[in-house]
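Each chain, written out:
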Amino acid sequence: MQFRPMRQADVPAVSAIEARGYAFPWTPGLFRDCLSAGYHAWVVESDEVGLLGYGVLSVGADEAHLLNLCIDPVQQGRGLGRRLLRRMIDLARWHMADRVFLEVRPSNPTAIALYRSEGFNEIGTRPRYYPAKDGREDAIVMAMELLPPER
Ligand SMILES: CC(C)(COP(=O)(O)OP(=O)(O)OC[C@H]1O[C@@H](n2cnc3c(N)ncnc32)[C@H](O)[C@@H]1OP(=O)(O)O)[C@@H](O)C(=O)NCCC(=O)NCCS
């Protein structure tokens with residue numbers, strides 16, 4: 001299994017996973033924009049299956065923001081999401097961020113449990129942040145303080 005930077009050529013396969021993973025998926029254009037903007041987008045892949053999942057992180061000033069974390073639904077529940085999350089946190093640390101933020105839907109207990117168990121705390125909400133079937137859904141904002149990387 002490899003962890004490597006996402007390339008523009010990955011966008012169709014990434015978008016296919018995104019469409020399976022979320023009720024309100026990012027468009028392919030959004031992934032392309034993230035790559036053009038220099039966000040830290042990485043994929044997990046295996047030689048046998050191909051792309052298994054991906055994460056997108058933006059880093060600015062002392063803060064990192066985890067913008068997307070997704071494992072192909074057929075590959076979920078095998079520890080891949082946790083491994084990928086740890087890699088994305090390592091990336092934030094590598095870029096000298098002091099803390100990592102993320103938003104998550106209250107209706108996503110799997111992701112919330114994962115983030116909590118890796119050390120994220122709930123620090124607030126963003127009202128009506130996400131599109132939802134019946135209008136909008138709030139976001140829970142979570143954050144984790146990072147220790148500086150070992151030098
Ligand atoms: C959230 C997500 C990345 C987790 O990836 P995953 O590979 O399935 O997760 P893992 O197998 O590493 O499990 C990590 C933890 O998630 C939780 N979890 C996993 N599957 C679960 C399930 N079916 N029910 C409840 N909790 C579950 C558990 O806390 C688990 O830890 P444990 O195995 O030590 O109990 C994945 O479900 C996903 O891509 N979902 C769709 C996209 C999404 O919602 N992303 C997050 C947006 S903020």
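In this text, all values refer to a predicted model and were calculated from it rather than measured experimentally. (Residues numbered from 1 in each chain as written. Predicted model: local features only at pLDDT ≥ 70, side-chain atom pairs only at ≥ 80, totals over all residues. Heavy atoms only, no water.)

J.: How do you make sense of unusual backbone geometry when you look at a structure like this?
T.: Outside of glycine, negative phi angles account for most residues, and trans bonds account for most peptide bonds. Backbone geometry at Ala61 places phi at a positive 50°, although glycine is not the residue there. Along the chain, Ala61 falls in the loop between β3 (50–60) and β4 (63–71). The class for Ala61 is exposed, based on a relative accessible area of 74%. We note that Arg128 has phi near 55°; this positive angle belongs to a residue other than glycine. Residue position: Arg128 is located in strand β6 (residues 121–132). Using a relative accessible area of 57% as the deciding quantity, one classes Arg128 as exposed. (Helix = DSSP H or I, 4+ residues; strand = E, 2+ residues; numbered from the N terminus. Buried < 20%, exposed > 50% of the residue type's maximum accessible area, 1.4 Å probe, protein only.)

J.: How do you make sense of the packing of helix α1 (residues 11–21) against helix α2 (residues 28–36) when you look at a structure like this?
T.: Describing two packed helices takes the angle between their axes plus the distance from one axis to the other. α2 packs onto α1 with a crossing angle of 125° between their chain directions and a minimal axis gap of 9 Å. For the element pair α1 / α2, the angle class is oblique. Both α1 and α2 take part in a crossing whose hand is right-handed. Along its contact with α1, which presents Val11, Val14, Ser15 and Glu18, the element α2 presents Pro28, Phe31, Arg32 and Leu35. Here the residues of the contact of α1 with α2 are counted per class, giving five nonpolar, one polar and two charged. (Axes fitted to C-alpha atoms, helices over the stretch in contact; angles between N-to-C directions. Parallel < 35°, antiparallel > 145°, perpendicular 65-115°, else oblique. Left-handed = near helix turned anticlockwise from the far one by under 90°. Contact = heavy atoms within 4.5 Å. Nonpolar A, V, L, I, M, F, W, Y, C, P; charged D, E, K, R; others polar.)

J.: Teacher, can you tell me more about the sheet that holds strand β7 (residues 135–145) here?
T.: By way of backbone hydrogen bonds, the strands of a sheet pair with one another, either parallel or antiparallel. On the basis of which strands lie adjacent, the open sheet formed by seven strands has the order β1-β2-β3-β4-β5-β7-β6 and mixed pairing. A strand with exactly one partner marks an edge of an open sheet, and here the two such strands are β1 (2–5) and β6. Taking each pair of neighbouring strands and ignoring which way they run, the sheet shows an average axis angle of 25°. For strand β5 (residues 99–104) and β7, the ladder comprises six bridges, and the chain directions are antiparallel. (Pairing = 2+ DSSP bridges.)

J.: What's the story with the packing of aromatic side chains in this structure? I'm lost.
T.: Any aromatic ring pair is given by two values, namely how distant the centres are and how the planes are angled relative to each other. Counting across every chain of the model gives five aromatic pairs. Ring centres 4.7 Å apart and planes at 20° place the aromatic pair Phe3 and Trp42 in the stacked group. Remark: Trp42 occurs in strand β2 (residues 40–46) and Phe3 occurs in strand β1; sequence separation between them is 39 residues. Geometrically, the ring pair formed by Phe31 and Tyr54 is edge-to-face, given 5.5 Å between the ring centres and 90° between the ring planes. Of the two residues, Phe31 is situated in helix α2 and Tyr54 in strand β3; the sequence distance between them amounts to 23 residues. Each member of the pair, Phe31 as well as Tyr54, carries the same accessibility label: buried. An aromatic cluster is built from Trp26, Phe31 and Tyr54, whose rings are joined through pairwise contacts. (Phe/Tyr/Trp six-rings, centres within 6.5 Å; stacked < 30°, edge-to-face > 60°.)

J.: Is there a simple way to explain the side chain of Asp72 in this structure?
T.: Locating Asp72 in the fold gives a position in the loop between β4 and α3 (80–94). Judged by relative accessible area, which is 5%, Asp72 ranks as buried. Dropping the residues within four chain positions of it, Asp72 is found in contact with Ile17, Arg20, Leu52 and Gly53.

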